[in-house]
Amino acid sequence: MVKKVYGVIGDPIEHSLSPVMHNAAFEALGLDAIYLAFRVAEHELGDAIRGAKSLGIAGLNVTIPLKEKALAFVDADDVATRIGAINTIDFTSGTPTGYNTDGIGALTVLKERVGEIRGKEVLILGAGGAARAIAFYLDAEGARLTIANRTEDRAAMLASSLHNADFISLREEELKRHIRDADILINTTPVGMYPRADATLVNAGMMHSELVVFDIVYNPAETKLLREAKKAGVQTIIEGVKMLVYQGAASFRIWTGMEPPVEVMESAVREALSLS
Ligand code: NAP
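Remember, it's a predicted structure, so these values are computed and weren't measured experimentally.

Cut-offs used in this document
- Residues numbered from 1 in each chain as written.
- Predicted model: local features only at pLDDT ≥ 70, side-chain atom pairs only at ≥ 80, totals over all residues.
- Heavy atoms only, no water.
- Core = buried A, V, L, I, M, F, W, Y, C linked by side-chain atoms within 4.5 Å.
- Buried < 20%, exposed > 50% of the residue type's maximum accessible area, 1.4 Å probe, protein only.
- Domains from an automatic or database assignment.
- Contact = heavy atoms within 4.5 Å.
- Helix = DSSP H or I, 4+ residues; strand = E, 2+ residues; numbered from the N terminus.
- Polar contact = N/O pair within 3.5 Å; in protein donor to acceptor, adjacent residues only side chain to side chain.
- 1 Å grid on protein atoms, 1.4 Å probe; cavity = no way out; pocket = protein on both sides within 12 Å on 5 of 7 lines; lining within 4 Å.
- Points joined across faces, edges and corners; volume = space filled by probe spheres on them.
- Nonpolar A, V, L, I, M, F, W, Y, C, P; charged D, E, K, R; others polar.
- Near = heavy atom within 4 Å.
- Areas by Shrake-Rupley, 256 points an atom, 1.4 Å probe, with all protein chains shown as cover.
- Axes fitted to C-alpha atoms, helices over the stretch in contact; angles between N-to-C directions.
- Parallel < 35°, antiparallel > 145°, perpendicular 65-115°, else oblique.
- Left-handed = near helix turned anticlockwise from the far one by under 90°.
- Pairing = 2+ DSSP bridges.
- Buried area = accessible area lost by both parts, 1.4 Å probe.
- Salt bridge = Lys/Arg side-chain N within 4 Å of Asp/Glu carboxyl O.

Draft legend 1. Structural view of the nonpolar core. Core analysis: the biggest nonpolar cluster contains 53 residues, and L138, I147 and I186 have the highest contact counts within it. Formed jointly, this core draws a minimum of three residues from each of two domains, domain 1 (4-100 + 242-275) and domain 2 (103-238). When residues no more than four places from it in sequence are discounted, the contact partners of L138 are L107, L110, I117, V122, A143, L145 and I186. With 18 residues, the next largest nonpolar core counts I179, L225, L226 and A229 among its residues.

Below, the structure is given as structure tokens:
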């Protein structure tokens, strides 16, 4: 039997934690498979996906900045098509098939920590690819969403494509007013991400202790936003590492049809983060 090859494509790709996470899962389940990182420039994306298929690669993750462009080279499922981006390609059915597991990753963590999402007031910071994926899932669950983005047009566009959503700017006063009535705050911007880890769009003075604060940034695991949430007495704080693991777990299920060892995957990610 030939070893199965999986991987992640993106640019830059050096810091991706997906190889560590998936290789730990393969090892734990005794699968003869390997997961590698491939740096792929945007203008070579089509060749890379066609080449991966020809080489018999079993599956790929797709990351920044290729998630939207990759849609053109695969048959995407309905959810990924609506989101307008993919993060997973499965080659096992012959035609490259595209999926987006970011939204289900975030929804799984939220349900685990918060329970019922229906009727919850959710404020999402950002309107990029990850925000879109998360917003579509929460909207489908019956949450009431407000999108706050630096480029307001983008926030307006995302809000208008949802059932029950509005948009605001990132101005402090406006954020403060909305956070007062919010149940859940989700940061989907890269603000606070390594190496500019001392940044946050929301500080302790703007939060209340009943708020659930979820930062999808996972490097560092505890971002400045989450430290500010602690200062504000927030009880439910959710780290981006969990979403990373659950979106990876969803890709793993698509590729292998097997139940992924999520605890092993999370430990591998946390260990890699503590070493970086
Ligand atoms: P993206 O498509 O480039 O979107 C970035 C968003 O952040 C945009 O709305 C952008 O606003 C906003 N933004 C960027 N810099 C900002 C700044 N300095 N101040 C205010 N807003 C800013 O990126 P993405 O793919 O959604 O990823 C966003 C972050 O999520 C990254 O840090 C990524 O690592 C993380 N992520 C985590 C997971 C996970 O599993 N935990 C999964 C996916 C992504 P404009 O529209 O104004 O440009």
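Next comes the rest of the account.
Draft legend 2. Structural detail: the side chain of D102. Note on placement: D102 falls in helix α4 (residues 102-114). A polar contact is formed between the side chain of D102 and the side chain of N87, at a distance of 3.2 Å.

Draft legend 3. Just the layout of surface pockets, in detail. Taken as a whole, the largest pocket holds about 1,600 Å³ of empty space. What lines the largest pocket is a set of 47 residues, and nearest its centre among them are T63, I64, P190, M193 and Y218. Only β3 (59-62), α5 (129-140), α9 (240-256) and α10 (262-275) provide two or more residues apiece to the lining of the largest pocket. Split into classes, the residues belonging to the lining of the largest pocket amount to 24 nonpolar, 17 polar and six charged. Space inside the second largest pocket adds up to approximately 160 Å³. Every residue along the wall of the second largest pocket is listed here: M1, V2, K4, Y6, L31, D32, A33, W255, T256 and M258. Among the elements of the structure, β1 (4-10) and α9 are those that each provide at least two residues to the lining of the second largest pocket. The residue inventory of the lining of the second largest pocket, partitioned by class, reads seven nonpolar, one polar and two charged.

Draft legend 4. Main features of the site of the ligand. Every one of the 25 residues lining the ligand counts as a neighbour, but A127, A130, N149, T151 and R154 are closest to it. One of the backbone N or O atoms of G128 is found 3.3 Å from an oxygen atom in the ligand. Within the contact set of the ligand, a nitrogen atom lies 3.1 Å away from a backbone nitrogen or oxygen of G240. When the ligand is considered free in solution it has 940 Å² of accessible area, and contact with the protein chains removes 81% of it. Only α5 and α9 provide two or more residues apiece to the shell around the ligand. Broken down by element, the shell around the ligand gets its largest block of residues, four residues, from α9. Within the shell around the ligand, the residues separate by chemical class into twelve nonpolar, nine polar and four charged. Shared between two domains, the shell around the ligand holds at least three residues of each, these being domain 1 (4-100 + 242-275) and domain 2 (103-238).

Draft legend 5. Fine view of the packing of helix α1 (residues 18-29) against α9. Put simply, α1 and α9 touch, their axes get as near as 11 Å, and they point 55 degrees apart. Taken together, α1 and α9 sit at an angle that is classed as oblique. α1 and α9 meet at a crossing whose hand is right-handed. Between α1 and α9, the residues in contact are M21, H22, A25, F26 and L29 and L244, V245, Q247, G248, F252 and W255, respectively. Considered class by class, the residues forming the contact of α1 with α9 number eight nonpolar, three polar and no charged.

Draft legend 6. The sheet that holds strand β9 (residues 165-168), seen in detail. Ordered by their spatial adjacency, six strands build an open sheet running β9-β8-β7-β10-β11-β12, and the pairing between neighbours is parallel. With partners counted over all chains shown, the strands left at the sheet margins are β9 and β12 (236-238), one partner each. The mean inter-strand angle of the sheet, taken between neighbouring strand axes irrespective of direction, is 15 degrees. Pairing between strand β10 (residues 184-187) and strand β11 (residues 212-215): four bridges, direction parallel. Looking at β11, one finds that I186 is bridged to F214. Helix-sheet contacts for helix α6 (residues 152-160) involve β8 (144-148) and β9, and the interaxial angle to β9 is about 175 degrees.

Draft legend 7. Seen up close, the environment of A229. For A229, the location among the structural elements is in helix α8 (residues 224-231). Sequence-wise, A229 and F214 are 15 residues apart; in three dimensions their C-alpha atoms are separated by 9.6 Å.

Draft legend 8. Molecular detail of the domain arrangement of the protein. The domains assigned to the protein are domain 1 (4-100 + 242-275) and domain 2 (103-238). For domain 1 and domain 2, the distance between their C-alpha centroids amounts to 25 Å. Between domain 1 and domain 2, the residue contacts involve 14 residues of the former and 19 residues of the latter. In total, domain 1 and domain 2 occlude about 1,400 Å² of area from one another, counting both sides; carbon and sulfur atoms represent 67% of this. Area buried by domain 1 at its contact with domain 2 is led by R82, I83 and M243, which between them contribute 42% of it. Here domain 1 and domain 2 share zero salt bridges between them. Between domain 1 and domain 2 we count four residue pairs in polar contact (both at pLDDT 80 or more) in total. Looking at the side of domain 1 that touches domain 2, the elements with two or more residues in it are α3 (78-83), α9 and α10. Ranked by residues supplied to the side of domain 1 that touches domain 2, first place goes to α9 with six residues.

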